[in-house]
Amino acid sequence: EEFIEIMNNLNLPKPRLIDEAVPANRYCGLEENERQDAISERELTRTQSQKSSPMSAQELVTEAKQNITEITPEKAKQLLAEGGLPLIDVREESEYAAGHIDQAIPLPRGMLEMKVGNVPELGDKTKPVLLYCRSGARSALAANSLKTLGYTSTLSLAGGYEAWQKESG
């Protein structure tokens, strides 16, 4: 910390690898088990700081897709034909009004967490639920949010409404 303060006072740029070099130097001369403990602690701190660094919208979507299940329009049609699967359209009301999948319940992504409790079809958090948007990004985020709220089987339509229309048309 003193070093960084000195560097700031000198108006010099921060050395690129200083965050790795300084901790590495701190471990010199330690016993092997102490050094390993210190290195493990450093790695844990680094992992936590990477998680807290800002993410882009695309990174958020990519991370969400790793936590949920995406299904193809073909598989979605099969599941919907079997019945009992709530279908949630997370697009904006104007998008829904311009065209939507039959049986879809409009629940815009922006209000999802606040209004999910008002949708009787989503009362049982253990039942599968299928979400879709225009391209699959918002529905992936929404499915991930529902998982956070305790829903155990959230599905997202891969490619969204656009893929559904291509498959149907």
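Report on the accompanying structure. (Residues numbered from 1 in each chain as written. Predicted model: local features only at pLDDT ≥ 70, side-chain atom pairs only at ≥ 80, totals over all residues. Heavy atoms only, no water.)

Topic: the packing of aromatic side chains
Inspection of every chain in the model, using the stated rule, returns one aromatic pair. With centroids separated by 6.1 Å and ring planes inclined at 25 degrees, the aromatic side chains of Y132 and Y161 adopt a geometry described as stacked. Taken together, the residues span a long stretch of sequence, with Y132 in strand β4 (residues 129-132) and Y161 in helix α9 (residues 160-168) at a distance of 29 residues. Y132 sits in the buried class, given a relative accessible area of 0%. For Y161, a relative accessible area of 13% translates into the label buried. Above the face of the W164 ring, K77 is positioned so that its terminal group lies 4.9 Å from the ring centre. (Phe/Tyr/Trp six-rings, centres within 6.5 Å; stacked < 30°, edge-to-face > 60°. Helix = DSSP H or I, 4+ residues; strand = E, 2+ residues; numbered from the N terminus. Buried < 20%, exposed > 50% of the residue type's maximum accessible area, 1.4 Å probe, protein only. Lys NZ or Arg CZ within 6 Å of the ring centre and 35° of its normal.)

Details of unusual backbone geometry
Positive phi values are uncommon outside glycine, yet Q103 reaches one of about 75 degrees. Take Q103: it is sitting in the loop between α6 (93-98) and β3 (105-106).

Considerations on the packing of helix α5 (residues 73-82) against α9
Taken N-terminus to C-terminus, the directions of α5 and α9 make an angle of 85 degrees; their axes are 9 Å apart at the nearest point. By the angle between their axes, α5 is roughly perpendicular relative to α9. Contact residues: P73, E74, A76, K77 and L80 in α5; A163, W164, E167 and S168 in α9. Considered class by class, the residues forming the contact of α5 with α9 number five nonpolar, one polar and three charged. (Axes fitted to C-alpha atoms, helices over the stretch in contact; angles between N-to-C directions. Parallel < 35°, antiparallel > 145°, perpendicular 65-115°, else oblique. Contact = heavy atoms within 4.5 Å. Nonpolar A, V, L, I, M, F, W, Y, C, P; charged D, E, K, R; others polar.)

Overview of the packing of helix α4 (residues 57-67) against helix α8 (residues 137-148)
One can describe the packing of α4 onto α8 by two numbers: an axis separation of 8 Å at closest approach and a directional angle of 55 degrees. It follows from the interaxial angle that α4 and α8 lie oblique. As for how α4 packs across α8, the hand of that crossing is left-handed. Contact residues: α4 offers L60, V61, A64, K65 and N67, while α8 offers A137, A140, L141, N144 and K147. Of the residues in the contact of α4 with α8, the class split is six nonpolar, two polar and two charged. (Left-handed = near helix turned anticlockwise from the far one by under 90°.)

Some words on the pattern of salt bridges
By the definition in use, this model includes five salt bridges. Taking the shortest distance from any N to any O, the salt bridge between K65 and E70 comes out at 3.5 Å. A residue is classified by how much of its surface remains accessible, and E70, at 33% relative accessible area, is partly exposed. A salt bridge links R138 to E95; the shortest N-O distance between them is 2.9 Å. With a gap of 43 residues between them, R138 in helix α8 and E95 in helix α6 connect regions that are remote in the sequence. A relative accessible area of 25% places R138 in the partly exposed class. (Salt bridge = Lys/Arg side-chain N within 4 Å of Asp/Glu carboxyl O.)

Interpretation in functional terms is not warranted from these geometric data alone.
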